[in-house]
Amino acid sequence: MKKDKVRGELPDTIYYSDELNEEFSPMKIEARKIDENYDYGKSTFGWKLIRFFLYRIVALPIAAVFLKLKYRHKIVNRRALTKNNKGTGYFVFANHTNPVCDALIPTFVSFPRGVFVIVHPNNVSIPGLGNITHYLGALPLPDNLAATKNFMNIIKTRISEHKAVMIYPEAHIWPFYTKIRHFSDLSFRYPVQHKVPSFCFTNTYQKRRFSKQPRIVTYVDGPFYPDEKLPAKEQKTELRDRIYNTMCERAKKSNYEIIKYIRKEND
């Protein structure tokens with residue numbers, strides 16, 4: 001397959017059969033086991049100082065330059081976050097369509113508030129970066145019960161510190177996909193449990209006049225609050241539906257399909 005400057009090693013057409021579980025990320029990484037020994041991060045002065053240096057001084061400027069130069073990145077309605085949440089932590093949900101940009105964009109959507117991202121263990125298994133990813137905000141999903149306790153505790157801590165916790169409910173990366181895939185309501189239990197607002201952002205791919213590289217335009221929406229008149233189980237489903245429908249509407253802003261996704265017909 002010939003390498004394309006925009007798609008990299010990806011084909012121009014991808015056939016899929018399982019919208020919930022198939023993964024098409026070009027990055028192939030052997031995931032480490034996230035057990036009770038995994039360090040999810042601290043709240044000590046020393047830990048915060050190291051995070052500030054790596055996150056604000058090193059990573060942030062590099063990410064800003066990359067997004068602007070390669071994708072002419074633009075955020076629409078970011079004030080929805082800054083004007084509504086000065087005194088509480090919150091959760092942010094988004095579509096999962098770019099292995100690099102999806103790690104960077106949450107920082108700018110929530111800026112100046114620090115953001116922590118719930119990720120697959122693959123994301124903390126990259127050689128050379130695995131030991132510092134928790135400083136950059138990665139919260140990998142746990143692999144056992146003891147790790148689950150640590151994971152839930154760190155989410156509670158970050159929300160109590162008025163941070164943003166980022167979630168990609170589609171779970172799997174479909175590069176440059178321009179629609180919203182069906183996703184479960186499982187991750188929407190977090191804002192229900194913590195009684196805090198949620199936001200969503202939708203990355204869209206738009207045609208540029210003088211380049212084959214798409215422009216990424218990010219649309220922010222919210223706040224969305226759980227409906228406390230409903231039982232907890234119904235709250236997370238109703239919250240999921242509102243956010244899903246909002247993202248579907250925003251996804252219609254995409255006007256540049258780099259990779260065509262086609263569902264396989266049954267035999």
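Residues numbered from 1 in each chain as written. Predicted model: local features only at pLDDT ≥ 70, side-chain atom pairs only at ≥ 80, totals over all residues. Heavy atoms only, no water.

(A) Up close: the sheet that holds strand β8 (residues 211-224). Read across the open sheet, the seven strands follow the order β2-β8-β7-β3-β6-β4-β5; overall the sheet is mixed. Two strands in the sheet have a free side with no partner beyond their single neighbour: β2 (74-76) and β5 (138-140). Neighbour to neighbour, the strand axes of the sheet diverge by 25° on average, direction disregarded. Pairing analysis gives three bridges linking β2 to β8, with the strands arranged parallel. The partner of Val76 across the bridge, within β8, is Tyr219. Relative to β5, helix α5 (residues 145-160) is tilted by about 150°, and along the sheet it contacts β3 (90-94), β4 (115-119), β5 and β6 (164-167). (Pairing = 2+ DSSP bridges. Helix = DSSP H or I, 4+ residues; strand = E, 2+ residues; numbered from the N terminus. Axes fitted to C-alpha atoms, helices over the stretch in contact; angles between N-to-C directions. Contact = heavy atoms within 4.5 Å.)

(B) Main features of helix α7 (residues 232-251). Across its 20 residues, α7 extends 29 Å between first and last C-alpha, which sits within 8% of the 28 Å expected from 1.5 Å per residue. Within the span of α7, buried status applies to Gln235, Lys236, Leu239, Arg240, Ile243, Tyr244, Met247, Arg250 and Ala251. The arc that holds the buried residues of α7, viewed along the axis, is 155°, so those residues lie on one side. In this structure, the buried side of α7 is in contact with β3, α6 (189-194), β7 (198-208) and β8. (Expected span 1.5 Å × (residues − 1). Buried < 20%, exposed > 50% of the residue type's maximum accessible area, 1.4 Å probe, protein only. Arc of directions from axis to C-beta.)

(C) Layout of the pairing of β3. Of all the five residues making up β3, five are buried; the element is thus mostly covered by neighbouring parts of the structure. Where burial is concerned, the two faces of β3 agree: the one with Tyr90, Val92 and Ala94 and the one with Phe91 and Phe93 are both buried. Direction of pairing for β3 relative to β6: parallel, over a ladder of four bridges. Directly across from Tyr90, in β6, lies its bridge partner Ala164. Note: β3 against β7, four bridges, orientation parallel. The residue bridging Phe91 from the neighbouring strand is Ser198, located in β7.

(D) Spatial organisation of the pattern of salt bridges. Under the criterion given, the structure shown has 10 salt bridges. We note a salt bridge from Arg250 to Asp221, for which the minimum N-O separation is 2.8 Å. Of the two residues, Arg250 sits in helix α7 while Asp221 sits in strand β8, which places them 29 residues apart along the sequence. Accessibility assignment for this pair places Arg250 and Asp221 in one class, buried. One salt bridge connects Arg240 with Asp241, and the closest N-O pair in it is separated by 2.9 Å. Given a relative accessible area of 8%, Arg240 falls into the buried group. (Salt bridge = Lys/Arg side-chain N within 4 Å of Asp/Glu carboxyl O.)

(E) Structural view of the confidence of the model for the protein chain. Chain-level pLDDT for the protein chain is 90 on average; 95% of the residues reach the 70-or-more range. For the protein chain, the element scoring lowest by mean pLDDT is helix α2 (residues 79-82), at 84; β3 scores highest, at 97. (pLDDT = per-residue confidence, 0-100.)

(F) Seen up close, the environment of Ile75. Tracing the backbone through its elements, the reader meets Ile75 in strand β2. With 15 residues separating them in the primary sequence, Ile75 and Leu60 have C-alpha atoms 16 Å apart. With sequence-adjacent residues up to four places away left out, Ile75 is seen in contact with Phe108, Val109, Thr218 and Val220.

(G) Structural detail: the packing of helix α1 (residues 45-71) against helix α3 (residues 101-110). Between α1 and α3, the shortest axis-to-axis distance is 10 Å and the interhelical angle comes to 110°. For the element pair α1 / α3, the angle class is roughly perpendicular. As for how α1 packs across α3, the hand of that crossing is left-handed. Touching Tyr55, Leu60, Ala63, Ala64, Phe66, Leu67 and Tyr71 of α1 are Cys101, Leu104, Ile105, Thr107 and Phe108, all from α3. Its residues assigned to classes, the contact of α1 with α3 comprises 11 nonpolar, one polar and no charged. (Parallel < 35°, antiparallel > 145°, perpendicular 65-115°, else oblique. Left-handed = near helix turned anticlockwise from the far one by under 90°. Nonpolar A, V, L, I, M, F, W, Y, C, P; charged D, E, K, R; others polar.)

(H) Seen up close, the packing of aromatic side chains. Using the criterion set out here, one finds 17 aromatic pairs in the structure. Centroid distance Trp174 to Tyr177: 5.2 Å. Interplanar angle 75°. Geometry classified as edge-to-face. Judged by relative accessible area, Trp174 falls into the buried class, the value being 0%. Aromatic pair Tyr177 and Tyr261: ring centres 4.9 Å apart, planes at 80°, arrangement edge-to-face. Taken together, the residues Tyr177 in the loop between β6 and α6 and Tyr261 in strand β9 (residues 260-263) connect sequence positions 84 residues apart. Residue Tyr261 is classed as buried on the basis of its relative accessible area, which comes to 10%. Following the ring pairs from residue to residue traces out a cluster consisting of Tyr16, Phe24, Trp174, Tyr177 and Tyr261. The ring of Tyr55 has Arg51 sitting right over it, with the charged end atom 4.1 Å from the ring centre. The ring of Phe116 has Arg51 sitting right over it, with the charged end atom 4.1 Å from the ring centre. (Phe/Tyr/Trp six-rings, centres within 6.5 Å; stacked < 30°, edge-to-face > 60°. Lys NZ or Arg CZ within 6 Å of the ring centre and 35° of its normal.)

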